[in-house]
Protein chains: 2
Amino acid sequence: MIDMLEMGKTARRAARQLARASTAQKNAALLAIAACLESEADSILAANDLDLADARARDIGEALLDRLSLYSRLAGIAADVRSVVALPDPVGETIDQETLPNGLRVSRRRTPIGVLGVIYEARPNVTVDVAALCVKTSNAVILRGGSETLRSNRALVKVIREALHAAGLPPDAVQFIDDPDRRYVGELLRLNEYVDMIIPRGGASLHQFCRENSTIPVITGGLGICHLYVDASADLDAALNVIFNAKTQRPSVCNALDTILVQESIASDFLPRVLDHLGKHGVSFRADPAAFGLIGADARVTAAGPDDFDTEWMNLTLGIRVVDGVETAIEHIQTHSTGHSDGILTRDRVQAAHFVDEIDSAAVYVNASTRFTDGGQLGLSAEIAVSTQKLHARGPMGLRELTSYKWIVEGDGHVRP
Amino acid sequence: MIDMLEMGKTARRAARQLARASTAQKNAALLAIAACLESEADSILAANDLDLADARARDIGEALLDRLSLYSRLAGIAADVRSVVALPDPVGETIDQETLPNGLRVSRRRTPIGVLGVIYEARPNVTVDVAALCVKTSNAVILRGGSETLRSNRALVKVIREALHAAGLPPDAVQFIDDPDRRYVGELLRLNEYVDMIIPRGGASLHQFCRENSTIPVITGGLGICHLYVDASADLDAALNVIFNAKTQRPSVCNALDTILVQESIASDFLPRVLDHLGKHGVSFRADPAAFGLIGADARVTAAGPDDFDTEWMNLTLGIRVVDGVETAIEHIQTHSTGHSDGILTRDRVQAAHFVDEIDSAAVYVNASTRFTDGGQLGLSAEIAVSTQKLHARGPMGLRELTSYKWIVEGDGHVRP
């Protein structure tokens, strides 16, 4: 029985203390967390073993087992925490500063957001990643991981809280809902008096559940139906390489490619090359009638069903549609994209600019793989989530996106006329 | 019977068209709106007359009648629309731009948010203000005004839509829920597929209703329990002037002062001056025991009740508490403030800096009236709302706060390793 209201109040108190911590103190705490992850590796891995044993008994498959396992990962997780130390602390930065004609001195200063609720599935490394980014930005966090990693998360959070305590920061800055009962998620989502932002990390249903049940602002993301349009002017060798990378480099993630749109004048040449190159690596295809007419004889090609272009595949399936040109491609993307990552492969710069203007996705690509939509890849150094909504932050969210700001107004007895 | 789903879809389509409009086109449309407000003044004022007659029949009081009336205001409203023409268009701005070590060219570009839902009470001028700011930022908007201004709003929206049409922009960029039935608010709040942001402008209960029933991100604000702490080191003449301004210049708005906290060493000198100066202008006082001990003999002073320090007065009432120093003042503000506007009056710069660090409100003041929390006063030139939540925007929201951004990534066939 967890008292969520109490957890919220405790988090708020811890957030206030953390807001006072200096960058040096926060960095010292991060180093302490990294060190404790290593020195307490035995107890963490013992807890992880119990989760893994349960998972094996439920026969969840090698892929999921691999995601659960901390064995080969603990050193990497500790290294990631240390790398956060090197990042600049956005809290306290002055965003802009001016003296108004009446003499009022106005500035905005970055502040922590306050208290975050992060709800995620599997992958115990998320527990540490999120805690480290929150400590660095002086945000308290309430974590709610997946039930299959309950014991791993419990062990990790224990170590993190001990390290915070040893470093003189409030352990309650990182709290953990140590009960898989889903009703606590519902209670967390209504703690708007104590929690400032909810970040769900998981599938579409988790995001929808949060959006529909939360009285706290939710950062929506996670679902990516991603497109690449191949224009007749494209460098087709490079295009093939980009498509191959976007589809196969890690098919189970949200920035993986789902559909290619190929201009008709090159389709009869290009599609067999796609079939051959990607097919060799296990990709199967869902083709619209025009594409099916060209490559449908191959066993790996199926005629696309009515929902196929609205499906995030998360596996080695690729949708193919033949289009007459960039306008039809844009229209298709506007209809079927989830606004995550969409791109064009072309050598026509005017066309590329038009595509970039028209496509309203978190990341719009020209001649590059959609797989770059990631904080680390786009220069943010760290990432807490990828947002596909338009408020606060869009696309990869780094440290700065975990801050708010306050206005600071200084006068000499100024009054409003 | 309004089909809200259809209204959402229509708004989304209009938003796409508006996103393509140039700054010149949008400015031409704003000038057309201003001109039409003047040329159609008769029909607008005739509609306003009907609203006013109804309001008079319901005996709603002079203050509210004054808010409803467009009579002396139409020229000013048109002038405000013209002033939006002069403001820079944030849409299309490049926020930052860099070439990564791997040669990828990464930038972020400001985009419209898309579709806004704005829910407000009384004041028909809000209809025009909001429409103008949305047109300037290429956002479509669904407006829902108060029932007492239904006919005024209907006439204003008709004129705005005609002007948009004449200027070659989609009239559906500005839609209006022409029915006072509250269920349409509920339906609007769940149109998350078509509406990107909800802005409530009204009292605490409207904000709470939106937060609890919306599946769309809500900009919360509107409620301001505002404080000024008067330190013994303050310039007491200036302090009296600031308090007088913050309390009386416009008592019915959210940045008006609610409570003063006075350091005990000056209380016996300063409180009688407050009583005298503000009392002359109709202010009455709710005093904590220490303050009551000093000025309680005056008929305008009442002993503060248990909820008085958690009340947004919206009238000429002022709470007074005597505190031992800045730490107690900070603690009081952290407990009772709604995070809108709070300030310190002091000549001690170290203390002022400490207060600014500790107070986590949208606007924190040093030696100035809380009444400056307003987009126009703080240099934003225009304001759609004041936010007291921490995501997306905090404090006054201008044109830039009505934008999102997208990542633009250009490569030369780049793939992720």
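Residue positions are counted from 1 within each chain, in the order its sequence is given. All chains are assigned letters beginning at A, and all ligands numbers beginning at 1, according to the order in which they are written. Local features in a predicted model are, by the rule used here, given only for residues with pLDDT of at least 70; side-chain atom pairs are given and counted only at 80 or more, and totals for whole chains, interfaces and linings are based on all residues. As a rule here, side-chain values cover all heavy atoms of the structure and leave hydrogens and water aside.

Asker: I'm lost on the overall build of chain A in this one. Help?
Answerer: Numbering of helices and strands starts at the N terminus; helices are DSSP runs of H or I of at least 4 residues and strands are runs of E of at least 2. The helix and strand inventory of chain A stands at 14 helices and 16 strands. Compactness check: chain A gives a C-alpha radius of gyration of 24 Å against a globular reference of 22 Å for 417 residues, within 12% of the reference. By residue count, 58% of the 417 residues in chain A fall in the buried class. For this analysis, residues touch if any pair of their heavy atoms sits within 4.5 Å. Put simply, of all contacts in chain A between residues at least 6 apart along the chain, 71% involve residues at least 24 apart. Note on method: radius of gyration uses C-alpha positions; expected globular size equals 2.2 Å times residues raised to 0.38. Exposed residues in this analysis have more than 50% of their type's maximum accessible area, buried residues have under 20%, and partly exposed residues fall in between, with area computed by a 1.4 Å probe over protein chains only.

Asker: Is there a simple way to think about the sheet that holds strand β2 (residues 105-112) of chain A in this case?
Answerer: Pairing between the strands of a sheet is mediated by backbone hydrogen bonds and can be parallel or antiparallel. Spatial strand order, β1(A)-β2(A)-β16(A)-β13(B)-β12(B)-β7(B)-β8(B)-β11(B)-β9(B)-β10(B): 10 strands in an open sheet with mixed pairing. Only two strands of the sheet have a single neighbouring strand rather than two, namely β1 (94-99) of chain A together with β10 (301-303) of chain B. Between one strand axis and the next, the sheet turns through 20° on average, direction left out of account. Running over the sheet, helix α11 (residues 264-279) of chain B touches β7 (226-230), β8 (257-263), β9 (284-287), β10 and β11 (317-323) of chain B and is turned about 145° from β8(B). Any two strands between which DSSP finds at least two bridges are classified as paired. Note on method: axes are straight lines fitted to C-alpha atoms, helices fitted across the in-contact stretch only, with angles between N-to-C directions ranging 0 to 180 degrees.

Asker: Before we go on, may I ask you to explain the side chain of His227(B) in this structure?
Answerer: Residues and elements named next belong to chain B. When you line up the elements, histidine 227 lands in strand β7. Here isoleucine 225 takes part through its backbone oxygen, which lies 3.4 Å from a polar atom of the side chain of histidine 227. At 2.8 Å, the side chain of histidine 227 forms a polar contact with the side chain of aspartate 342. Leaving out residues up to four positions away in the same chain, histidine 227 has contacts with Leu257, Thr259, Leu261, His332, Ile333, His336, Ser337, Ser341, Asp342, Gly343 and Thr370. For the purposes of these results, a polar contact is taken to be a pair of N or O atoms within 3.5 Å, where, inside protein, one atom must be able to donate a hydrogen and its partner to accept one; residues adjacent in sequence count only when each atom of the pair is a side-chain atom.

Asker: What is the right way to read the interface of chain A and chain B from this model?
Answerer: Interface size, as often reported, equals the accessible area lost upon joining of the parts. With 75 residues of chain A at the contact, the number on the chain B side is 75 residues. Contact between chain A and chain B buries roughly 6100 Å² in total, counting both sides, with carbon and sulfur atoms accounting for 49%. The buried area of a pairing is the accessible area, by a 1.4 Å probe, that goes missing from both parts when the two are put together, added over both. The largest share of the area that chain A buries against chain B comes from Leu391(A), Trp407(A) and Arg416(A), three residues that together contribute 15% of it. Here, a salt bridge means any side-chain nitrogen of Lys or Arg that lies within 4 Å of a carboxyl oxygen of Asp or Glu. The interface formed by chain A and chain B holds 4 salt bridges in total.

Asker: So what exactly am I meant to see when it comes to the relation of the copies chain A and chain B here?
Answerer: Two chain copies here: they are related by a rotation about an axis and a translation along the same axis. Least-squares fitting of one copy onto the other uses the C-alpha atoms of those residues that reach a pLDDT of at least 70 in both copies. Superposition of chain A onto chain B requires a rotation of 180° combined with a translation of 0.0 Å along the rotation axis, giving an RMSD of 0.0 Å. As the rotation angle and translation indicate, the two copies are arranged about a two-fold axis. Of every C-alpha in chain A, the one belonging to His392(A) sits nearest the axis of rotation, 1.7 Å from it. Residue by residue, 100% of the interface of chain A is reproduced at the interface of chain B, so both copies engage with the same surface.

Asker: Got a minute to help me understand the side chain of Lys390(B) in this structure?
Answerer: With respect to the helices, strands and loops of the structure, Lys390(B) is situated in the loop between β14 (385-387) and β15 (395-397). Reaching out from Lys390(B), the side chain makes a polar contact with the backbone oxygen of Ile113(A) at a distance of 3.0 Å. Side-chain polar atoms of Lys390(B) contact the side chain of Asp360(B), separated by 2.6 Å. When residues no more than four places from it in sequence are discounted, the contact partners of Lys390(B) are Arg12(A), Pro112(A), Ile113(A), Gly114(A), Asp196(A), His392(A), Ser404(A) and Asp360(B).

Asker: So what exactly am I meant to see when it comes to the packing of aromatic side chains here?
Answerer: Any aromatic ring pair is given by two values, namely how distant the centres are and how the planes are angled relative to each other. Whether two aromatic rings pair depends on their centres lying within 6.5 Å, for rings of Phe, Tyr and Trp, where Trp uses its six-membered ring; planes under 30 degrees apart make the pair stacked, over 60 edge-to-face, and the rest tilted. In the structure shown here, the tally under the stated rule is 0 aromatic pairs over all chains. Distance and angle both matter: a charge sits over a ring if NZ of Lys or CZ of Arg is within 6 Å of the ring centre and within 35 degrees of the ring normal. In this arrangement the basic side chain of Arg182(B) is found over the ring face of Phe209(B), its NZ or CZ atom lying 4.4 Å from the centre.

Asker: Even after reading the chapter, I still don't get the pattern of salt bridges, so can you show me in this structure?
Answerer: A side chain of one charge can pair with a side chain of the opposite charge when the charged atoms of the two come close. Counted by the stated rule, this structure contains 46 salt bridges over all chains. Of the charged contacts in the structure, one is a salt bridge between Arg82(B) and Glu38(B), with a shortest N-O distance of 3.0 Å. Of this pair, Arg82(B) sits in helix α5 (residues 74-85) while Glu38(B) sits in helix α2 (residues 23-39), and the two are 44 residues apart along the sequence. We classify Glu38(B) as partly exposed; its relative accessible area is 40%. Linking Arg273(B) and Asp237(B) is a salt bridge whose minimum nitrogen-to-oxygen distance equals 2.6 Å. On the criterion of sequence distance, the pair formed by Arg273(B) in helix α11 and Asp237(B) in helix α10 (residues 236-248) is long-range, its members being 36 residues apart. The exposure class assigned to Arg273(B) is partly exposed, which follows from its relative accessible area of 33%. In this structure Asp237(B) comes out as exposed when scored by relative accessible area, which is 52%. If you follow the salt bridges from partner to partner, you end up with Asp51(A), Asp54(A) and Arg151(A) in one network.

Asker: Sorry if this is basic, but what is going on with the state of the cysteines here?
Answerer: In a disulfide, the sulfur atoms of two cysteines are covalently bonded to one another. All names here are of chain A. Our working definition of a disulfide is a cysteine sulfur pair at a distance within 2.5 Å. In this structure the tally under the stated criterion is 0 disulfides over all chains. In this structure cysteine 226 is a free cysteine whose sulfur lies 7.1 Å from that of cysteine 254, the closest cysteine sulfur available. For cysteine 226, a relative accessible area of 0% puts it in the buried group.

Asker: Please explain the sheet that holds strand β3 (residues 115-120) of chain A as it appears in this structure.
Answerer: Residues and elements named next belong to chain A. The 4 strands lie next to each other as β5-β4-β3-β6, forming an open sheet whose pairing is parallel. Edge strands, defined here as strands with exactly one partner in the open sheet, are β5 (174-176) and β6 (197-201). On average, adjacent strands in this sheet sit at an angle of 20° to one another, irrespective of strand direction. Helix-sheet contacts for helix α1 (residues 4-19) involve β3, β4 (140-144) and β5, and the interaxial angle to β4 is about 140°. Each of β3, β4 and β5 touches helix α7 (residues 150-166); the most contacted strand, β5, lies at about 155° to it.

Asker: Explanation requested: the pairing of strand β1 (residues 94-99) of chain B in the structure shown.
Answerer: In regular strands, side chains alternate between the two faces of the sheet. Residues and elements named next belong to chain B. Of the pairings in the sheet, the one linking β1 to strand β2 (residues 105-112) comprises 5 bridges and is antiparallel in character. Among the inter-strand pairings, threonine 99 is bridged to a residue of β2, identified as arginine 105. The hairpin formed by β1 and β2 contains 5 residues between the paired strands, and glycine 103 there has a positive phi angle of roughly 95°.

Asker: What is the right way to look at helix α1 (residues 4-19) of chain B in this model?
Answerer: Residues spaced three or four apart along an α-helix face the same direction, because each turn holds 3.6 residues. Residues and elements named next belong to chain B. To estimate how far a helix should extend, the number of its residues minus one is multiplied by 1.5 Å. Over its 16 residues, α1 extends 22 Å from the first C-alpha to the last, a length consistent with the 22 Å expected when each residue adds 1.5 Å. For α1, the set of buried residues is Met4, Met7, Gly8, Thr10, Ala11, Arg12, Ala14, Ala15 and Leu18. Close packing links the buried residues of α1 with β3 (115-120), α6 (125-136), β4 (140-144), β5 (174-176) and α8 (183-188). Its side-chain oxygen placed 3.2 Å from the backbone nitrogen of leucine 5, aspartate 3 serves as the N-cap of α1.

Asker: I'm lost on helix α10 (residues 236-248) of chain A in this one. Help?
Answerer: All names here are of chain A. Helix length check: α10, at 13 residues, gives a terminal C-alpha distance of 18 Å against a target of 18 Å (1.5 Å per residue), a fit within 8%. Most of α10 is tucked away: 10 of the 13 residues are buried. Where α10 begins, the capping side chain belongs to aspartate 235, and its oxygen is found 3.1 Å from the backbone nitrogen of aspartate 237.

Asker: Sorry if this is basic, but what is going on with the environment of Gly279(A) here?
Answerer: Residue and element names in this part refer to chain A. Counting through the fold element by element, glycine 279 comes out in helix α11 (residues 264-279). Take glycine 279: its relative accessible area is 9%, and that puts it in the buried class. The residues contacting glycine 279, other than those within four sequence positions of it, are Val274, Phe285 and Arg300.

Asker: Is there a simple way to think about the nonpolar core in this case?
Answerer: Proteins that are soluble and globular tend to have nonpolar side chains buried together. In terms of nonpolar packing, the biggest core is built from 69 residues, with Leu37(B), Leu116(B), Leu143(B), Leu164(B), Met197(B), Ile199(B) and Ile384(B) touching the most fellow members. Those residues in contact with Met197(B) that sit more than four places away from it in its chain are Leu391(A), Ile113(B), Val115(B), Leu116(B), Gly117(B), Ile216(B), Pro217(B), Ile219(B), His392(B), Met397(B), Glu401(B) and Leu402(B). Side-chain atoms within 4.5 Å link the members of a nonpolar core, which is a set of buried Ala, Val, Leu, Ile, Met, Phe, Trp, Tyr and Cys residues. Core analysis: the second largest hydrophobic core is formed by 68 residues, Leu133(A), Cys134(A), Leu150(A) and Ile384(A) among them.

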